[in-house]
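A closer look at the structure
Okay, here's what each chain looks like letter by letter:
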Amino acid sequence: MKLPGLFRKERTTIQAADAQDHAERLLAESLRMLGQVCGKVADAIEAQRLSRQGYTHNTYLRRTDGDEDDSAKKA
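Residues numbered from 1 in each chain as written. Predicted model: local features only at pLDDT ≥ 70, side-chain atom pairs only at ≥ 80, totals over all residues. Heavy atoms only, no water.

1. Quick look at the overall build of the chain
Each helix and strand in the chain was counted, giving two helices and zero strands. Expressed as a percentage of its 75 residues, the buried residues of the chain come to 0%. Carbon and sulfur atoms make up 58% of the accessible area of the chain, which totals about 7400 Å². (Helix = DSSP H or I, 4+ residues; strand = E, 2+ residues; numbered from the N terminus. Buried < 20%, exposed > 50% of the residue type's maximum accessible area, 1.4 Å probe, protein only. Areas by Shrake-Rupley, 256 points an atom, 1.4 Å probe, with all protein chains shown as cover.)

The structure is reproduced here in structure tokens:
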């Protein structure tokens, strides 16, 4: 009888499924972390772009395109 061979085959199938599950879980966590890193890099690039235009970090942006229209209406 070769029953131990059957049990060993089932065990390797379970181990392979566990290994695949572990790899998929690691891949999903890695992609989530990569998304967070990409978001932080995008925020840093945007802050750098705004600082080059004269806006400092953590200040409110002010519209400048409507200032001319408001002064013309008041006069």
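That covers the picture; the talk isn't over yet.
2. What about the pattern of salt bridges?
Close approach of charged atoms allows side chains of opposite charge to pair. Enumeration according to the criterion identifies two salt bridges in this entry. The residue Arg25 makes a salt bridge to Asp21 at a minimum N-O spacing of 2.6 Å. You can see Arg25 and its partner Asp21 sitting in helix α1 (residues 3-52), four residues apart, about one turn around the helix. Look at Arg25 and you get partly exposed, because its relative accessible area is 44%. Taking the relative accessible area as the measure of exposure, Asp21 reaches 37% and is therefore partly exposed. (Salt bridge = Lys/Arg side-chain N within 4 Å of Asp/Glu carboxyl O.)

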